[in-house]
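Each chain is listed here by its residues.
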Amino acid sequence: MSEHFFGAGVSASSYMHEWTSLQRGNPLPEPSQAASNWWHDLFEAKAKIGLPAAYPTQLSYQQLIDQRQSLREYAERPINLADLATFLEHASRPINPATKPLSLLAPLVLQSDDLALGGYAYNPNAHQLAVLRIADPQEPLQRYCFQREFLQASVIVLVLTSLPNAINQAGDRGYRQALLDAGAQLQRLYVAAQRVGMIGCATGSLIQGQLARWLGFDSYQTHCLIGFAVGYPHKEQTHD
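A few points on the structure. Remember, predicted model here, so these are calculated numbers, not experimental data. (Residues numbered from 1 in each chain as written. Predicted model: local features only at pLDDT ≥ 70, side-chain atom pairs only at ≥ 80, totals over all residues. Heavy atoms only, no water.)

## Here we look at the pattern of salt bridges
For step 1, the next point in the chain: All told, the structure shown has two salt bridges when counted by the stated rule.
For step 2, the next point in the chain: Between Arg93 and Glu89 there is a salt bridge, and its shortest N-O distance comes to 3.1 Å.
For step 3, the next point in the chain: Note on Glu89: relative accessible area 22%, which makes it partly exposed.
For step 4, the next point in the chain: Among the salt bridges present, the one from Glu139 reaches Arg143, with a minimum N-O distance of 2.8 Å. (Salt bridge = Lys/Arg side-chain N within 4 Å of Asp/Glu carboxyl O. Buried < 20%, exposed > 50% of the residue type's maximum accessible area, 1.4 Å probe, protein only.)

## Here's the deal with empty space enclosed by the protein
For step 1, the next point in the chain: Taken as a whole and judged by the stated rule, the model has one cavity of 30 Å³ or more.
For step 2, the next point in the chain: By volume, the largest cavity amounts to about 80 Å³.
For step 3, the next point in the chain: If you go around the largest cavity, the residues you meet are Ser92, Pro94, Pro101, Ser103, Leu104, Leu105, Tyr122, Pro124, Gln185 and Arg188.
For step 4, the next point in the chain: Secondary structure elements with two or more residues in the lining of the largest cavity: strand S2 (103-109) and helix H7 (174-195).
For step 5, the next point in the chain: Counted by class, the lining of the largest cavity contains six nonpolar, three polar and one charged residues. (1 Å grid on protein atoms, 1.4 Å probe; cavity = no way out; pocket = protein on both sides within 12 Å on 5 of 7 lines; lining within 4 Å. Points joined across faces, edges and corners; volume = space filled by probe spheres on them. Helix = DSSP H or I, 4+ residues; strand = E, 2+ residues; numbered from the N terminus. Nonpolar A, V, L, I, M, F, W, Y, C, P; charged D, E, K, R; others polar.)

## Brief notes about the environment of Ala91
For step 1, the next point in the chain: Residue position: Ala91 is located in helix H4 (residues 81-91).
For step 2, the next point in the chain: Along the backbone, Ala91 and Ala193 are 102 residues apart, and their C-alpha atoms lie at a distance of 8.2 Å.
For step 3, the next point in the chain: Every residue in contact with Ala91, bar those within four places of it in the chain, is listed here: Leu105, Gln185, Arg188, Leu189 and Ala192. (Contact = heavy atoms within 4.5 Å.)

## What about the packing of helix H6 (residues 163-170) against H7?
For step 1, the next point in the chain: Direction vectors running N to C along H6 and H7 enclose 100°, while the axes themselves pass 8 Å from each other. The orientation of H6 relative to H7 falls into the category roughly perpendicular. In contact with Leu163, Ala166, Ile167 and Ala170 of H6, H7 contributes Gly174, Tyr175, Gln177 and Ala178.
For step 2, the next point in the chain: Split into classes, the residues belonging to the contact of H6 with H7 amount to six nonpolar, two polar and no charged. (Axes fitted to C-alpha atoms, helices over the stretch in contact; angles between N-to-C directions. Parallel < 35°, antiparallel > 145°, perpendicular 65-115°, else oblique.)

## Some remarks on H4
For step 1, the next point in the chain: Within H4, eight of the eleven residues are buried, leaving the element largely enclosed by the surrounding structure.
For step 2, the next point in the chain: Those residues of H4 lying buried are Asp83, Leu84, Ala85, Thr86, Phe87, Leu88, His90 and Ala91.
For step 3, the next point in the chain: Each element contacted by the buried residues of H4 is listed here: S2, strand S3 (118-123), strand S4 (128-134), strand S5 (155-161), H7 and strand S7 (223-231).
For step 4, the next point in the chain: Capping the start of H4, Asn80 holds a side-chain oxygen 3.2 Å from the backbone nitrogen of Ala82, two or three residues further along. (Polar contact = N/O pair within 3.5 Å; in protein donor to acceptor, adjacent residues only side chain to side chain.)

## Points about the sheet that holds S5
Strand pairing in a sheet is mediated by backbone hydrogen bonds. Such pairs are either parallel or antiparallel.
For step 1, the next point in the chain: Ordered by their spatial adjacency, seven strands build an open sheet running S1-S4-S3-S2-S5-S7-S6, and the pairing between neighbours is antiparallel. The strands lining the two open edges of the sheet, one partner per strand, are strand S1 (48-50) and strand S6 (199-203). Sheet twist, expressed as the average angle between the axes of neighbouring strands with direction ignored, equals 30°.
For step 2, the next point in the chain: Looking at chain direction, S2 and S3 are connected through two bridges and run antiparallel. Considered in S3, the bridge of Val109 is made with Gly118. (Pairing = 2+ DSSP bridges.)

So this is what it looks like as structure tokens:
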């Protein structure tokens, strides 16, 4: 589907980006594949892992903002389930609780003593992980991530969206709205990492379509927008 969207021979995201740039206000042509129930496909048919409740922090939100930092040198330390659960819960709190988000989080677990290495999708409503694939993500990341320092992180979180879902919610500018939503999501990821004593850095150095394919996605119903590498800091790393 992603290779021949609308018969154009280009990726779905590239087609939508160009169409909405040049044809603003005009309806999109009908795709040959209808929108599915995105949340159902991601969560209901998958094995699930319950997560422990998020633990509180002693820092105020203003303190977290003040201490927010972007670092890409990580300690060799596996992530524990309590930190991952708290990080994902805080990173997924919606800006507008009345609407479904245009993006969801898919952590690729690279180092953990509590979870099998692999790809997961986080369901913020149930506070659960859906198992997408149990296999070491290092192998595809060695091929499809061009900034090797991020491979030392404990987790690389992929920000996902559904292109037909975005269009259904926001019309012909839905793809661009999903990109804006992903930008806001990245800022929540930075603050959530700070909340649990971790560090992170956004990365666009991924071949999104290949990683989506590794997870079983078609880059249309479920599309990877960007990544966020998170892990623990070296002791000598301090905030300026």
